[in-house]
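# Examination of the molecular architecture
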Amino acid sequence: YGNKFAVRPLGAILPESTEEVQAIVKICNRFKIPFKAHGTGFGPGGMNADAPFLSIDLRFMDRIIEIDEKNMIAVFEPYVSFAALMNACIKKKVRPYIIGAGPSCSVLANATNVQGYGTTNVSAGFGGRVPLAVEWVMPDGEIMKMGTLGTSGQWFCGDGPGPSLRGIYRGSTGTMG
(Lines give C-alpha, C1' and ligand atoms only; values in the text may rest on other atoms or scores of the structure.)
Protein backbone atom coordinates (compact mmCIF):
# COMPACT_ATOMS: atom_id res chain seq x y z
CA TYR A 1 0.00 0.00 0.00
CA GLY A 2 2.95 2.33 -0.34
CA ASN A 3 5.09 3.39 2.56
CA LYS A 4 4.93 5.91 5.39
CA PHE A 5 5.76 8.73 2.95
CA ALA A 6 3.52 7.74 0.04
CA VAL A 7 0.26 6.18 1.15
CA ARG A 8 -1.36 4.42 -1.79
CA PRO A 9 -5.10 3.58 -1.75
CA LEU A 10 -6.57 0.30 -2.95
CA GLY A 11 -8.51 2.29 -5.51
CA ALA A 12 -9.98 5.65 -6.33
CA ILE A 13 -13.50 6.72 -7.17
CA LEU A 14 -14.30 10.03 -8.83
CA PRO A 15 -17.75 11.39 -7.93
CA GLU A 16 -19.29 14.33 -9.78
CA SER A 17 -21.74 15.60 -7.14
CA THR A 18 -22.38 15.91 -3.43
CA GLU A 19 -25.05 13.23 -3.74
CA GLU A 20 -22.56 10.81 -5.30
CA VAL A 21 -20.06 11.49 -2.50
CA GLN A 22 -22.84 10.86 0.01
CA ALA A 23 -23.75 7.52 -1.64
CA ILE A 24 -20.07 6.42 -1.73
CA VAL A 25 -19.56 7.26 1.95
CA LYS A 26 -22.70 5.33 2.93
CA ILE A 27 -21.57 2.27 0.94
CA CYS A 28 -18.08 2.45 2.47
CA ASN A 29 -19.63 2.61 5.94
CA ARG A 30 -21.99 -0.29 5.18
CA PHE A 31 -19.09 -2.53 4.13
CA LYS A 32 -16.61 -1.06 6.67
CA ILE A 33 -14.25 0.25 3.98
CA PRO A 34 -12.00 3.06 5.24
CA PHE A 35 -12.09 6.09 2.93
CA LYS A 36 -10.51 9.49 2.49
CA ALA A 37 -11.90 12.33 0.40
CA HIS A 38 -9.17 14.17 -1.48
CA GLY A 39 -9.12 17.48 -3.29
CA THR A 40 -6.03 19.19 -4.63
CA GLY A 41 -2.85 18.56 -2.71
CA PHE A 42 -0.06 16.05 -2.24
CA GLY A 43 -2.12 12.98 -1.42
CA PRO A 44 -4.51 11.44 1.06
CA GLY A 45 -2.71 12.39 4.24
CA GLY A 46 -3.73 11.09 7.62
CA MET A 47 -4.27 7.50 6.44
CA ASN A 48 -2.53 4.45 7.86
CA ALA A 49 0.03 3.22 5.35
CA ASP A 50 -0.60 -0.39 6.40
CA ALA A 51 -4.40 -0.38 6.08
CA PRO A 52 -6.32 -0.51 2.80
CA PHE A 53 -8.64 2.40 2.04
CA LEU A 54 -10.59 3.93 -0.84
CA SER A 55 -9.66 7.37 -2.14
CA ILE A 56 -12.64 9.58 -2.98
CA ASP A 57 -11.00 11.90 -5.51
CA LEU A 58 -13.00 15.10 -5.98
CA ARG A 59 -11.33 16.28 -9.22
CA PHE A 60 -14.59 16.09 -11.23
CA MET A 61 -16.27 18.42 -8.76
CA ASP A 62 -14.69 21.50 -10.31
CA ARG A 63 -17.64 23.71 -11.21
CA ILE A 64 -18.20 27.32 -10.25
CA ILE A 65 -21.91 27.37 -9.48
CA GLU A 66 -22.46 31.09 -9.04
CA ILE A 67 -20.63 34.37 -8.76
CA ASP A 68 -22.76 37.14 -7.26
CA GLU A 69 -20.74 40.23 -8.02
CA LYS A 70 -23.14 42.58 -6.14
CA ASN A 71 -22.73 40.73 -2.84
CA MET A 72 -19.21 39.50 -3.71
CA ILE A 73 -20.04 35.82 -3.15
CA ALA A 74 -18.76 32.82 -5.10
CA VAL A 75 -20.35 29.38 -4.78
CA PHE A 76 -18.14 26.58 -6.05
CA GLU A 77 -17.26 22.91 -5.74
CA PRO A 78 -14.18 21.56 -3.90
CA TYR A 79 -11.80 21.18 -6.85
CA VAL A 80 -12.06 24.77 -8.11
CA SER A 81 -8.61 26.33 -8.26
CA PHE A 82 -7.64 29.93 -7.60
CA ALA A 83 -6.92 30.28 -11.34
CA ALA A 84 -10.42 29.14 -12.32
CA LEU A 85 -12.07 31.36 -9.72
CA MET A 86 -9.93 34.36 -10.66
CA ASN A 87 -10.75 33.96 -14.36
CA ALA A 88 -14.48 33.69 -13.66
CA CYS A 89 -14.39 36.68 -11.31
CA ILE A 90 -12.51 38.87 -13.78
CA LYS A 91 -15.38 38.41 -16.24
CA LYS A 92 -17.73 39.83 -13.57
CA LYS A 93 -15.28 42.65 -12.71
CA VAL A 94 -14.60 41.45 -9.16
CA ARG A 95 -11.49 40.03 -7.56
CA PRO A 96 -11.35 37.16 -5.04
CA TYR A 97 -8.70 36.71 -2.42
CA ILE A 98 -5.80 34.58 -3.61
CA ILE A 99 -2.86 33.17 -1.72
CA GLY A 100 0.83 33.04 -2.54
CA ALA A 101 0.80 29.25 -3.11
CA GLY A 102 -0.18 29.74 -6.73
CA PRO A 103 -3.05 29.45 -9.17
CA SER A 104 -3.39 25.66 -9.06
CA CYS A 105 -4.27 25.57 -5.35
CA SER A 106 -7.79 24.73 -4.28
CA VAL A 107 -9.78 27.67 -2.96
CA LEU A 108 -11.69 25.36 -0.62
CA ALA A 109 -8.53 23.66 0.63
CA ASN A 110 -7.09 27.05 1.55
CA ALA A 111 -10.32 28.15 3.23
CA THR A 112 -10.52 25.00 5.36
CA ASN A 113 -6.86 23.99 5.80
CA VAL A 114 -3.69 25.76 6.82
CA GLN A 115 -3.57 29.55 6.54
CA GLY A 116 -2.31 30.72 3.17
CA TYR A 117 -1.71 34.42 2.76
CA GLY A 118 -1.29 36.61 -0.27
CA THR A 119 -1.13 40.21 -1.34
CA THR A 120 -4.91 40.51 -1.74
CA ASN A 121 -5.81 39.37 1.79
CA VAL A 122 -6.00 42.83 3.31
CA SER A 123 -8.67 43.93 0.83
CA ALA A 124 -10.32 40.63 -0.08
CA GLY A 125 -10.25 38.55 3.11
CA PHE A 126 -8.28 35.74 4.69
CA GLY A 127 -8.86 32.08 3.79
CA GLY A 128 -9.99 30.97 7.22
CA ARG A 129 -12.63 33.68 7.44
CA VAL A 130 -14.06 33.73 3.92
CA PRO A 131 -16.38 30.68 3.90
CA LEU A 132 -19.92 31.96 4.34
CA ALA A 133 -21.64 28.61 4.19
CA VAL A 134 -20.50 25.07 3.63
CA GLU A 135 -22.25 21.93 2.43
CA TRP A 136 -20.27 19.00 3.82
CA VAL A 137 -20.69 15.23 3.54
CA MET A 138 -20.11 13.96 7.07
CA PRO A 139 -18.28 10.68 7.87
CA ASP A 140 -21.64 8.94 8.41
CA GLY A 141 -22.85 10.00 4.95
CA GLU A 142 -25.28 12.67 6.09
CA ILE A 143 -25.04 16.15 4.56
CA MET A 144 -24.35 19.01 6.96
CA LYS A 145 -25.24 22.51 5.82
CA MET A 146 -23.40 25.08 7.91
CA GLY A 147 -23.70 28.82 8.25
CA THR A 148 -26.79 30.45 6.79
CA LEU A 149 -27.11 27.65 4.24
CA GLY A 150 -28.27 25.46 7.14
CA THR A 151 -31.30 27.60 7.97
CA SER A 152 -32.15 29.82 5.03
CA GLY A 153 -30.65 28.06 2.02
CA GLN A 154 -28.70 31.26 1.29
CA TRP A 155 -24.95 31.84 1.21
CA PHE A 156 -24.46 35.11 3.11
CA CYS A 157 -23.09 34.55 6.61
CA GLY A 158 -20.62 31.95 7.83
CA ASP A 159 -21.45 32.13 11.51
CA GLY A 160 -25.23 32.36 11.63
CA PRO A 161 -28.13 32.50 11.95
CA GLY A 162 -27.52 28.84 11.07
CA PRO A 163 -25.18 26.46 12.85
CA SER A 164 -21.62 27.78 12.90
CA LEU A 165 -19.30 24.82 12.85
CA ARG A 166 -16.28 26.64 11.45
CA GLY A 167 -14.25 25.53 14.45
CA ILE A 168 -15.04 21.87 13.72
CA TYR A 169 -14.25 21.81 10.01
CA ARG A 170 -11.36 24.22 10.29
CA GLY A 171 -10.11 24.78 13.83
CA SER A 172 -6.90 26.76 14.03
CA THR A 173 -5.21 25.37 10.94
CA GLY A 174 -7.53 22.69 9.54
CA THR A 175 -6.78 19.10 8.70
CA MET A 176 -3.81 19.88 6.45
CA GLY A 177 -5.43 18.26 3.41
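Cut-off values and rules
Residues numbered from 1 in each chain as written. Predicted model: local features only at pLDDT ≥ 70, side-chain atom pairs only at ≥ 80, totals over all residues. Heavy atoms only, no water. Pairing = 2+ DSSP bridges. Helix = DSSP H or I, 4+ residues; strand = E, 2+ residues; numbered from the N terminus. Axes fitted to C-alpha atoms, helices over the stretch in contact; angles between N-to-C directions. Contact = heavy atoms within 4.5 Å. Salt bridge = Lys/Arg side-chain N within 4 Å of Asp/Glu carboxyl O. Core = buried A, V, L, I, M, F, W, Y, C linked by side-chain atoms within 4.5 Å. Buried < 20%, exposed > 50% of the residue type's maximum accessible area, 1.4 Å probe, protein only. Polar contact = N/O pair within 3.5 Å; in protein donor to acceptor, adjacent residues only side chain to side chain. Arc of directions from axis to C-beta.

## Some words on the sheet that holds strand β3 (residues 54-57)
Pairing in this open sheet of three strands is parallel, and the strands run β1-β3-β2 from one edge to the other. What marks the edges here is a single partner per strand, and that holds for β1 (11-13) and β2 (35-38). Each strand axis lies, on average, 25 degrees off the axis of its neighbour in the sheet, ignoring direction. In this structure, β2 lies alongside β3, joined through four bridges in parallel fashion. Each bridged residue has a counterpart across the sheet, and for Phe35 the counterpart in β3 is Leu54. Running at roughly 170 degrees to β3, helix α1 (residues 18-30) makes contact with β1, β2 and β3 of the sheet.

## Remarks on the pattern of salt bridges
Counted under the stated rule, the structure contains five salt bridges. As a salt-bridge pair, Lys26 and Glu142 come within 3.5 Å of each other at their nearest N and O atoms. Residue Lys26 is located in helix α1, and its partner Glu142 is located in the loop between β6 (133-137) and β7 (143-147); the two are separated by 116 residues in the primary sequence. Between Arg63 and Glu77 there is a salt bridge; the shortest N-O distance is 3.0 Å. Here the residue Arg63 occupies a position in the loop between β3 and β4 (64-68), and Glu77 occupies one in the loop between β5 (73-76) and α2 (82-91), the gap between them amounting to 14 residues.

## Some details on the nonpolar core
Core analysis: the biggest nonpolar cluster contains 13 residues, and Ile67, Phe82, Leu85, Cys89, Tyr97 and Val107 have the highest contact counts within it. Of all the secondary-structure elements, those providing two or more residues to this core are α2 and α3 (107-112). Considering each element in turn, this core owes the most residues, five residues, to α2. Ranked by size, the runner-up nonpolar core spans nine residues in total, among them Val25, Ile56, Leu58 and Val137.

## Details of unusual backbone geometry
For Lys32, which is not glycine, the phi dihedral falls at a positive 55 degrees. On the accessibility criterion, Lys32 (72% relative accessible area) is exposed. Unusually for a residue other than glycine, Met72 sits at a positive phi of about 55 degrees. With respect to the element layout, Met72 can be found in the loop between β4 and β5. Residue class for Met72 comes out exposed when judged on its relative accessible area of 62%.

## A word on the side chain of Ser106
In this structure, Ser106 sits in the loop between α2 and α3. Given a relative accessible area of 4%, Ser106 falls into the buried group. There is a polar contact of 3.1 Å between the side chain of Ser106 and the backbone oxygen of Pro78.

## Re α2
Buried within α2 are the following residues: Phe82, Leu85, Met86, Ala88 and Cys89. For α2, the arc enclosing every buried residue in end-on projection is 170 degrees, short of the 170-degree limit, so these residues lie on one face. Away from its buried face by more than 90 degrees, α2 exposes Ile90 and Lys91. Buried residues along α2 sit in contact with β4, β5 and α3. Count one or two residues on from α2 and you reach Lys93, which has phi positive near 65 degrees.

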